[in-house]
Amino acid sequence: MAGAGAMGFPRELMVQRIQSLVEEGFWDALRRHKLDVLGTDDSPIPITGYYTPRQRRPMASFFNLRSGSLVPPSHSSVGDRNNCPVPGTLINTNNMRGFENLDREQLLKAEAKKILHDIVSGKVEEDPSVLLRFLVTSFADLKNWKVYYNVAFPSLVFNSRITLLSLQPASKVLTKEEAASMYTSLQKWRTSSETTVIPFFLVSISSDSSASIRQLKEWKACQGNYQKLLFGFYDHGCRSDCPGWVLRNYVAFLSIRWKIEKAQIFCYREYKGNPDLEQSLIGEASFPSPYGWDNPEFLPDAIGWEGVKPGKGTKEMKPKEIDLQSMNPASQDEEKQ
Amino acid sequence: MQVKQKVYEFYKGTVERVTAPRTVSAFLEKGVLSVPEFILAGDNLVAKCPTWSWEAGDPSKRKPYLPANKQFLVTRNVPCLRRAISVEEEYDAAGAEVVLDEDGEGWLATHGVQASKTEEEEDIPSMDTLDIGRSDGIKSIPSYFSGGKDEEEEDIPDMDTYEDTGDNLAAAEPSYFIAEEPEDDNILHTRTYDVSITYDKYYQTPRVWLTGYDESRMPLMPELVFEDISQDHARKTVTIEDHPHLLAGKHASVHPCKHAAVMKKIIDVPMSGGVEPEVDKYLFIFLKFIATVIPTIEYDYTMDVDLGSTS
């Protein structure tokens, strides 16, 4: 890929941003929920988003919100490999002014604080999807069949430098035997309904080139029993020169919870639903411990509002806008006449 | 037209309610699928092409004759790199054969047969090249098309920032908003589709539905979906309707009235050679046939379908 050659190692970690894709069904469900249940209640609502590793060449995967996103994930499809459920928060305001006046900087920091709390408490090991926590702010203008919204993927700002020491296609880093074993293990992981929706995992490769994949909670158990240990994650991205967005919070987790300062990372990507070791990446990153994070009062900085360029203030942030006119029974009647 | 369609839908719905779903196989005789065969073929598709999943859909639209968690099949975020119209124009220009007839199956050529594909890919997905400014009949929503240069933009909150990642080489100060990302040299901006397959009880065949998204991941107006449908089929066999398992939105659907006949014709070929096609491969054959209707939507299906039982 162009650009990769120009950037040598070591270099500062850069990541590919993630994009949301919100189905009309989500807004329709919110519309019904507001009319039938919420009324003018504008308190935050827990919602579920869906994440997947990159599935198709040549593009990245999106973060999906759907009609089922307002329902807790236990009631929707469980163990579907194409839909890793992720917890999120929706703040739906009652009017444009309320929407415009939301303090998005503070809202983002509040989500970041939750992520940090889950890292410190060990919740991430039990449910790694909390590292992908997301935030939606919206104003559903039901009179005019419009919704204005913004999506954020809160990412902790690590206040020490994260350096990428290497990054290469997995097929180049691994030996043939290791790659074959890894491929089999990954397929097994992705086929099992128990593990397929877990976006963060450990890959240990023993001296006989056999690879095994484990959950984060097994980290202590697998220490010392391997030749190589890779910290794997589902990577939504498609670039060969940088990992996907979620690596940032993963690094924060490795550093804060496990006190790791240097790690081999494995950016897992798929092609047509199978492991794609040519486009999955293996790299090494170093990240000295950040300062001040062990203070329980510590409020980390966060980034992650979708589509906002650096330097712009939150108040100026432009919303996305969606027209729901197609769901308006009145407009459908008009069409028919 | 609308009234006619409504009457027809009502008739079809009534017939569906009063007739029992097919349980006896008539795959070889008529090219149709029974409900258990649909589940079998669906399971096989999900197993062989894992980007497809079974889904439950909206509970209020659940069909009692299908398992609750296997109401329909879906594959999401499928890239559609170029418009079907442009593919056809190329065929015409090159005088290329549209029908791949070497197997005597009469299938239309699908993905990847056209010559200058690689160059085209880079040009087509750009928003500037799309003719979305037409305001007659099609109500374009300016903020969907943030690259546009309409004056309307000024009044409407737009997201002129989010589709374009070109100048985010922001290794500088961490801001609250965006992370460091390398220069965007070849990120593909393209339309995507969610493709779903439902079981049509009336025609006893699968039925394909399309939900489109534009380059900035906003829902595509149904009218624009027609650009991605072979012009032989657009507005004839493809119509815009409500989805049988989803509440919201209008979705484009390939009308199933001819599906059984086409499937029968396709399976007759191996049968005349003494090979009996297996019904669990139905959806692979079906999707190969559907690819002639939507030639540029690159969903997964096993390319080399072996119809026989020897595989």
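Residues numbered from 1 in each chain as written. Chains lettered and ligands numbered in written order. Predicted model: local features only at pLDDT ≥ 70, side-chain atom pairs only at ≥ 80, totals over all residues. Heavy atoms only, no water.

Under an unreviewed UniProt entry, the name given to chain B is Autophagy-related protein 3, and the source organism is Zea mays. The record in UniProt for chain B states the following under Subcellular location (unreviewed entry): "Cytoplasm". UniProt, in its Sequence similarities (unreviewed entry) section for chain B, records the words "Belongs to the ATG3 family." (UniProt positions renumbered as here; feature names shortened; annotations may be inferred.)

(A) Structural view of the overall build of chain B. Within chain B, the regular secondary structure consists of eight helices and eight strands. Across the 311 residues in chain B, those meeting the buried criterion constitute 54%. Residue pairs at least 24 apart in sequence account for 65% of intrachain contacts in chain B once pairs closer than 6 positions are excluded. Per element, the accessible surface of chain B, about 13,800 Å² overall, is 54% carbon and sulfur. (Helix = DSSP H or I, 4+ residues; strand = E, 2+ residues; numbered from the N terminus. Buried < 20%, exposed > 50% of the residue type's maximum accessible area, 1.4 Å probe, protein only. Contact = heavy atoms within 4.5 Å. Areas by Shrake-Rupley, 256 points an atom, 1.4 Å probe, with all protein chains shown as cover.)

(B) A look at unusual backbone geometry. In this model, Phe 9 of chain A is joined to Pro 10 of chain A through a cis peptide bond whose omega is -10°. At the junction of Arg 57 of chain A and Pro 58 of chain A, the peptide bond is cis and its omega measures out at -5° in the coordinates. On the secondary structure map, Pro 58 of chain A appears in the loop between strand 3 (45-51) and strand 4 (63-65). Unusually for a residue other than glycine, Arg 217 of chain B sits at a positive phi of about 65°. Structurally, the position occupied by Arg 217 of chain B is in the loop between strand 6 (205-213) and helix 6 (222-225). The backbone phi angle of Arg 235 of chain B is positive, close to 65°, even though this residue is not glycine. Along the polypeptide, Arg 235 of chain B turns up in the loop between helix 6 and strand 7 (238-242).

(C) Just the packing of helix 3 (residues 104-121) of chain A against helix 8 (residues 247-256) of chain A, in detail. Residues and elements named next belong to chain A. Two numbers describe how helix 3 lies on helix 8: the axes approach to 9 Å, and their chain directions differ by 40°. By the criterion of interaxial angle, the relationship of helix 3 to helix 8 is oblique. Remark: the crossing between helix 3 and helix 8 carries right-handed chirality. Contacts from Ile 115, Leu 116, Ile 119 and Val 120 of helix 3 reach helix 8 at Asn 249, Ala 252, Phe 253 and Ile 256. The residue inventory of the contact of helix 3 with helix 8, partitioned by class, reads seven nonpolar, one polar and no charged. (Axes fitted to C-alpha atoms, helices over the stretch in contact; angles between N-to-C directions. Parallel < 35°, antiparallel > 145°, perpendicular 65-115°, else oblique. Left-handed = near helix turned anticlockwise from the far one by under 90°. Nonpolar A, V, L, I, M, F, W, Y, C, P; charged D, E, K, R; others polar.)

(D) Inspection of the nonpolar core at higher detail. In terms of nonpolar packing, the biggest core is built from 104 residues, with Trp 27, Phe 231, Tyr 250 and Phe 266 of chain A touching the most fellow members. Counting residues domain by domain, this core receives three or more from each of domain 1 (15-158 + 296-332) and domain 2 (163-286) of chain A. With sequence-adjacent residues up to four places away left out, Trp 27 of chain A is seen in contact with Val 22, Val 136, Ser 138, Val 147, Tyr 149, Ile 322 and Leu 324 of chain A. Core analysis: the second largest hydrophobic core is formed by 50 residues, Tyr 65, Val 78, Ala 252 and Leu 287 of chain B among them. (Core = buried A, V, L, I, M, F, W, Y, C linked by side-chain atoms within 4.5 Å. Domains from an automatic or database assignment.)

(E) The arrangement of the sheet that holds strand 12 (residues 262-268) of chain A in detail. All names here are of chain A. The strand order across the open sheet built from seven strands is 1-8-15-12-11-9-10, with neighbouring strands paired in mixed fashion. Only two strands of the sheet have a single neighbouring strand rather than two, namely strand 1 (11-12) and strand 10 (211-214). Strands strand 9 (200-205), strand 10, strand 11 (228-234) and strand 12 of the sheet are contacted by helix 6 (residues 176-191), whose axis makes an angle of about 30° with strand 10. Along the sheet, helix 8 contacts strand 9, strand 11 and strand 12; its crossing angle with strand 11, the most-contacted strand, is approximately 140°. (Pairing = 2+ DSSP bridges.)

(F) Structural context of the pattern of salt bridges. Residue and element names in this part refer to chain A. For the structure on display, the rule yields 29 salt bridges over all chains. Between Asp 28 and Arg 31 there is a salt bridge whose closest N-O contact spans 2.9 Å. One end of the pair is Asp 28 and the other is Arg 31, both in helix 1 (residues 24-38) and three residues apart, which spans about a single turn. Here Arg 81 ties to Glu 270 by a salt bridge, and the two come within 3.1 Å at their closest N and O atoms. (Salt bridge = Lys/Arg side-chain N within 4 Å of Asp/Glu carboxyl O.)

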